[in-house]
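These are the residues of each chain, in order.
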Amino acid sequence: MMVGKRHPALHGHAGGAEVPLYGFQPPVGTPFGLEVNTVEDFFAQHDDWPWSPPRPGRATFHYLIGVTEGELLHDVDHLTRTVAPGQWLWVRPGHTQCWHPPGTARGPFILFEPGVLTPGTARMLAPLTAHEASAVLSPHPDDAVWLRQTALQLLDEHRALGRRPLDVHHALRRSLLEALLLRLANAPGITPTGTATVGPGRGDTYGSFADALELHFRELHRAADYAELLGCSVRTLSRAARDATGKGVRDLIDERRLLEARRLLGHAQWEARAVAAHLGFSDPANFGRFFRDRTGLTPAAFAARDAATSP
């Protein structure tokens, strides 16, 4: 696995050292945006990276790790997550993540690009592939054996490159991945983000909004901006957002801006003035009030606290 050797797709940004964004660059011969390994092999193959010293980064692809033994510690958006046996860690594209020193964790390690999923499956999985979905999933113990066995079948097929025609090999890998993700998404212990009340057509509206928000949260800050972009009314957009998440459009916009602010003030170490300009605030004082109202800390205090607790 060449995770540790991937080159950043984006470089530094004026105002601070940007957390690098890594593209999907699997080993030669690995086809179609999907790579499968084990946590223990990954640790063994990367004894000097990325935990010596730990370095934050983002990726354009999904990290999915199932822990079958031991315990895995992993930072996702500046919070240390503890993943116990039977749990799964899911790091979505764009999340800031940082590895901890290798421990006793064992289990399947799957990396995949969003485009590897078929459109129909991608729509069904939207609640769990969404940027704001939970990083640690705790499926019911009754599903643990099935999930582990399916992941092992996926690993076996991944390592069987050349045993079957390439298109068949990839179709099998994709089918096993989708089966794993669908079972994981619908396991009794998993609570997807607000799919139960989504009405006809509303899921598509919210999904389009979520995609647009990820692209435009820096410059578009009103519900009307996104409604115009999507070609719907503010009322339709508001209902779709409320049905899907229980939150208003403005709340979701503010949450995304706040998440980016935390990232930039934290590991990236941007100055508050630069963050304010980057996120479209009219002046640093407005940004300071926005940040303090939602976190209880000034941007400077948050940055100092994060620096003090960083490994």
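As a reminder, the structure under discussion sits directly above these lines.
Remember, it's a predicted structure, so these values are computed and weren't measured experimentally. (Residues numbered from 1 in each chain as written. Predicted model: local features only at pLDDT ≥ 70, side-chain atom pairs only at ≥ 80, totals over all residues. Heavy atoms only, no water.)

With that settled, consider the overall build of the protein. Of the regular secondary structure elements, the protein holds twelve helices and eleven strands. Taking all 311 residues of the protein together, the buried fraction comes to 46%. (Helix = DSSP H or I, 4+ residues; strand = E, 2+ residues; numbered from the N terminus. Buried < 20%, exposed > 50% of the residue type's maximum accessible area, 1.4 Å probe, protein only.)

All right, on to the sheet that holds strand 8 (residues 88-91) then. Here five strands make up an open sheet; going across it, the order is 3-10-5-8-11 and the pairing antiparallel. If you trace the sheet from one side to the other, it starts and ends with strand 3 (34-38) and strand 11 (136-137), each paired once. As defined by bridge partners, strand 5 (residues 62-66) adjoins strand 8 across four bridges and the pair is classed as antiparallel. Across the sheet, the residue bridging to I65 is L89, located in strand 8. Helix 4 (residues 141-158) contacts strand 3, strand 8 and strand 10 (108-112) of the sheet and is inclined by roughly 115° relative to strand 3. (Pairing = 2+ DSSP bridges. Contact = heavy atoms within 4.5 Å. Axes fitted to C-alpha atoms, helices over the stretch in contact; angles between N-to-C directions.)

Okay, helix 9 (residues 249-265) next. Here helix 9 spans 24 Å end to end across 17 residues, near enough to the 24 Å set by a 1.5 Å rise per residue. Of all 17 residues in helix 9, 13 are buried; the element is thus mostly enclosed. (Expected span 1.5 Å × (residues − 1).)

This brings us to the side chain of R92. If you trace the backbone, R92 turns up in the loop between strand 8 and strand 9 (97-99). For R92, a relative accessible area of 1% translates into the label buried. A distance of 2.9 Å separates a polar atom in the side chain of R92 from the backbone oxygen of W90. Polar side-chain contacts of R92 include one of 3.5 Å to the backbone oxygen of A133. (Polar contact = N/O pair within 3.5 Å; in protein donor to acceptor, adjacent residues only side chain to side chain.)

Of all hydrophobic cores here, the largest spans 30 residues; its most connected members are F209, Y226, V275 and F287. If you list the elements that add at least two residues to this core, you get helix 6 (202-216), helix 7 (223-230), helix 8 (234-245), helix 9, helix 10 (272-278) and helix 11 (284-295). Of the residues forming this core, the biggest block, seven residues, is contributed by helix 9. Apart from residues no more than four positions distant in its own chain, V275 is found in contact with A261, L264, L265, W270 and F287. (Core = buried A, V, L, I, M, F, W, Y, C linked by side-chain atoms within 4.5 Å.)

Attention shifts here to the pattern of salt bridges. All chains considered together, the criterion is met by 13 salt bridges. In this structure, E260 and R58 form a salt bridge, with 3.2 Å as the shortest nitrogen-oxygen distance. Of this pair, E260 sits in helix 9 while R58 sits in strand 4 (residues 58-59), and the two are 202 residues apart along the sequence. Of the two residues, E260 and R58, neither departs from the other in class, the shared state being buried. (Salt bridge = Lys/Arg side-chain N within 4 Å of Asp/Glu carboxyl O.)

As a further point, take the sheet that holds strand 7 (residues 79-83). Here we have three strands laid out as an open sheet, ordered 7-6-9, and antiparallel in their pairing. Single-partner strands in this sheet number two, and they are strand 7 and strand 9. Along the sheet, successive strands turn relative to each other by an average axial angle of 30°, direction set aside. Relative to strand 7, strand 6 (residues 72-76) runs antiparallel, the two being bridged by five bridges. Note on strand 7: the bridge partner recorded for H74 is R81.

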